[in-house]
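# Understanding the architecture of this molecule
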Amino acid sequence: MREITLSQAVNEALAEEMRRDPSVFILGEDVAEAGTPFKVLSGLVEEFGTDRVIDTPISEPGFVGMAVGAAMTGARPVVDLMFGDFIYLVMDQLCNQAAKQHYMSGGKLTVPMVLRTNLGATRRSAAQHSQSLQALVAHIPGLKVALPSSAYEAKGLMKTAIRDNNPVVIFEDKLMYQDKAPVPEEEYLIPFGEAHTKREGSDITLIATSSMVQVAEKAAEMLAGDGIDAEVIDPRTIVPLDEATLLDSVKKTSRAIVIDEGHQSYGVTAEIASRLNEKAFYHLDAPVLRMGAMDVPVPFSPALEDLTVPTPEGVVENARKLCAGEMIHAA
Amino acid sequence: MAKAKTNTEDYLRMYRQMVRIRTFEDNANQLYLSAKMPGLTHMYSGEEAVAVGICEALTDDDRITSTHRGHGHCVAKGAEFKEMFCELLGKAEGYCRGKGGSMHIADQSHGNLGANAIVGGSMGIATGSALRAKLMGKDDVTVCFFGDGATAQGLMYEVMNMAALWNLPVIYACENNGYSEYTKTEEIAAGSITARAEAFGIEAHTVDGQDVLAVNELTQKLVARARKGEGPFFMELMTYRYHGHHVGDINREYYRSKDEEKDWKDNRDPIIRFRAFLVSEGIATEAEIEAMNAEIEKNATEAVAYAEQAPYPPANEVDMHVYAD
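Residues numbered from 1 in each chain as written. Chains lettered and ligands numbered in written order. Predicted model: local features only at pLDDT ≥ 70, side-chain atom pairs only at ≥ 80, totals over all residues. Heavy atoms only, no water.

A word on the overall build of chain B. In terms of helices and strands, chain B carries 11 helices and seven strands. For chain B, the C-alpha atoms occupy an extent of roughly 55 × 50 × 45 Å along the three principal directions. A burial count over chain B gives 60% of its 325 residues as buried. Contacts in chain B between residues at least 24 apart in sequence constitute 73% of all its contacts with a sequence separation of at least 6. One way to put it: in chain B the 33 positive side-chain charges average out to a point 2 Å from where the 49 negative ones average out. (Helix = DSSP H or I, 4+ residues; strand = E, 2+ residues; numbered from the N terminus. Buried < 20%, exposed > 50% of the residue type's maximum accessible area, 1.4 Å probe, protein only. Contact = heavy atoms within 4.5 Å. Lys, Arg positive; Asp, Glu negative; His and termini not counted. Charge placed at Lys NZ, Arg CZ, Asp CG, Glu CD.)

Following this line, the structure appears as structure tokens:
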């Protein structure tokens, strides 16, 4: 199968959906000729014109709000938010407006919009361009949240998001835009709420999102050298969450570590770990561990920034302890 | 396209719609004061000529976005009493199945995109609706209702900038009732309100919001021009809210005098004024108007009684409509 970058995969997904459905359009800062700072949208304006690939002023609440209104009245906008950190600017439009219209109207209004943005540290971008804010969005009922872990997921999830009748937020990892993966030439969609078991194993389950899937896969390879057989699962969407696949795996392995790049406190890892504890407690041989980013603003210095996010080595260390029974009474 | 409102039938319809709003609000206020209505609510009484003058210039294909003070817009855009009172009381037959209540009431079948409880929160939605119309080659116009208090929100300036850059068919309708919640707007707003729109090159008009014909005439013109791609436009409608910010805002002399309220009610009431016009022009007799008022009051009383008896939504609806299929 051909291999393309995550950036190309997103670009293809958008182009295919825009060809299929004339109501799909793109709105955001520097999306047209510039193709965004990450060049993900390069070439789309040449095919679809400036009426469907629309450069906006630097007005995040304004253009996200306009996407909500366009979606409520029959279009399918894809809003490009240049950095995930800017979600803080658009919280009212996303969480008070987009997320709640369907419910507040008793099911009469729908908001079929996609907000595509990014997450991830270790790009030396400092505290206002390095955050992973998926938990913030996932906390709000009415929003769906997708976290592609490769070019394959990025394309399939984007196409599903555009066809979904709800507001969907897709976080791509900034460091992965040039990562290549096999992506079929023929059309495919990845359904929401369907986790992917990346690697099967019997001793411990590593549940990881976005680029943390790579971290978990590296950890699993290292653990294999110790004779520890790790299963790696990528939920792909955290809202909706494929709880069944996660529970089945944990019931099989009896141990789990949940890895996500958002801050650890009150985060995605806490939510998943809690659900495993609630629904698989008697299958567990050890507490479910959480590994998120440190609870600090992301520092600029490479020497410091690298300390803040989960690493394969860190996962391996925790997994060894869990499998050796060292963390049952860790407190 | 809505026809010009220049004949007897249109005048009577506009009068009727204004009285329907006032009657709805009087009944809603009573429901609240008698503790039959949950939550809180914000009365539109006094501002009827704004909603009616504007909405009578629109078709069902034209959209509006509304505010936390949204009952008047809802009635003016074509909603029925029964479903509205059911919504106010949280009943299953309400326009939003009891999930929106007073602050989110809307009848989408007539192009009402909803009341919005965030001050200034719908400005993006209205402008986005206009963007959709332009992109998809439709000729509908969207009117964004908001109060003078909302002009302090930054969102308005972001979307007016884009609406002007892209000539979007949106009309920003600022209902200037002089008060931002519990504070005189002149104490918290620098400069003139229309100048804010004009800074973006948006044509702005100030109109007497207590004169339904003046509001309607201006809106007719602006809607027609917006349909042709000459928008956006901005209207400042000088009006007054008879009640406090919300129904519980009773003792308000610390920010607004009773003399001022009396002056507006006695001398500038939009319904009294228009009624006098209808009689003096021979469009309706006092007796005919009294009969119309009585019929509307009867409709409201029946709708309230219906809503009070109507069932609440079943428990299984609590987690319905979080996500669309």
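The strands that make up a sheet are held in pairs by hydrogen bonds between backbone atoms, and each pair lies either parallel or antiparallel. All names here are of chain A. The seven strands are arranged S3-S2-S4-S5-S7-S6-S12 in an open sheet whose pairing can be described as mixed. Both outer strands of the open sheet, strand S3 (53-55) and strand S12 (237-239), are each paired with one neighbouring strand and no more. Strand-to-strand twist in this sheet, taken as the mean axis angle between neighbours without regard to direction, amounts to 20 degrees. Bridge analysis of strand S2 (residues 24-28) against strand S4 (residues 76-80) gives five bridges, and the strand direction is parallel. Each residue of the ladder has a partner; that of leucine 27, found in S4, is valine 79. (Pairing = 2+ DSSP bridges. Axes fitted to C-alpha atoms, helices over the stretch in contact; angles between N-to-C directions.)

Once that is clear, we can look at the interface of chain B and chain A. Quite often, the size of an interface is put as the accessible area lost when its parts meet. Every contact between the two is made by 37 residues of chain B and, on the other side, 44 residues of chain A. The contact between chain B and chain A buries some 3,100 Å² in all, and 66% of this surface belongs to carbon and sulfur atoms. At the junction of chain B and chain A, the tally comes to zero salt bridges. Where chain B meets chain A, there are 13 residue pairs in polar contact (both at pLDDT 80 or more). Broken down by secondary-structure element, the contributors of at least two residues to the side of chain B that touches chain A are helix H5 (123-135) and helix H6 (154-165) of chain B. If one sorts the elements of the side of chain B that touches chain A by residue count, H5(B) sits on top with eight residues. Classifying every residue of the side of chain B that touches chain A by side-chain character gives 19 nonpolar, 11 polar and seven charged. (Buried area = accessible area lost by both parts, 1.4 Å probe. Salt bridge = Lys/Arg side-chain N within 4 Å of Asp/Glu carboxyl O. Polar contact = N/O pair within 3.5 Å; in protein donor to acceptor, adjacent residues only side chain to side chain. Nonpolar A, V, L, I, M, F, W, Y, C, P; charged D, E, K, R; others polar.)

Moving on, we come to the pattern of salt bridges. With the rule as written, the count across this model stands at 46 salt bridges over all chains. Within the structure, one salt-bridge network assembled from shared partners comprises Arg2(A), Glu12(A), Glu16(A), Glu17(A), Arg20(A), Lys155(A), Lys159(A), Arg163(A) and Glu187(A).

Our focus in this paragraph is the UniProt feature "domain: Transketolase-like pyrimidine-binding" (unreviewed entry) in chain A. The positions that UniProt labels "domain: Transketolase-like pyrimidine-binding" (unreviewed entry) are, in the present scheme, residues 4-179 of chain A. Secondary structure content for residues 4-179 of chain A is 36% helix and 17% strand, while the C-alpha to C-alpha distance between its ends is 8 Å. (UniProt positions renumbered as here; feature names shortened; annotations may be inferred.)

Residues and elements named next belong to chain B. Direction vectors running N to C along helix H1 (residues 8-33) and helix H2 (residues 48-55) enclose 135 degrees, while the axes themselves pass 9 Å from each other. Taken together, the axes of H1 and H2 are oblique relative to one another. Considering how the two elements wind past one another, H1 and H2 form a crossing that is right-handed. Where H1 approaches H2, its residues Met14, Gln17, Met18, Ile21 and Arg22 are matched on the opposing element by Glu48, Ala49, Ala51 and Val52. (Parallel < 35°, antiparallel > 145°, perpendicular 65-115°, else oblique. Left-handed = near helix turned anticlockwise from the far one by under 90°.)

With that out of the way, let us pick up the nonpolar core. The tendency in soluble globular proteins is for nonpolar side chains to be buried side by side. Formed by 116 residues in total, the largest nonpolar core has its most connected members in Leu14(A), Met113(A), Leu276(A), Phe146(B), Tyr172(B) and Phe234(B). The element best represented in this core is helix H3 (residues 60-72) of chain A, accounting for eight residues. Looking at this core, you find at least three residues from each of domain 1 (2-183) and domain 2 (196-324) of chain A. Every residue in contact with Tyr172(B), bar those within four places of it in the chain, is listed here: Thr127(B), Cys144(B), Phe146(B), Val159(B), Met160(B), Ala163(B), Pro232(B), Phe233(B), Phe234(B) and Met235(B). (Core = buried A, V, L, I, M, F, W, Y, C linked by side-chain atoms within 4.5 Å. Domains from an automatic or database assignment.)

All names here are of chain A. Across the five residues that make up S4, a large majority, five, are buried. Burial along S4 is two-sided: Arg76, Val78 and Asp80 and Pro77 and Val79, pointing in opposite directions, are all buried. Pairing between S4 and strand S5 (residues 114-119): three bridges, direction parallel. Among the inter-strand pairings, valine 78 is bridged to a residue of S5, identified as valine 114.

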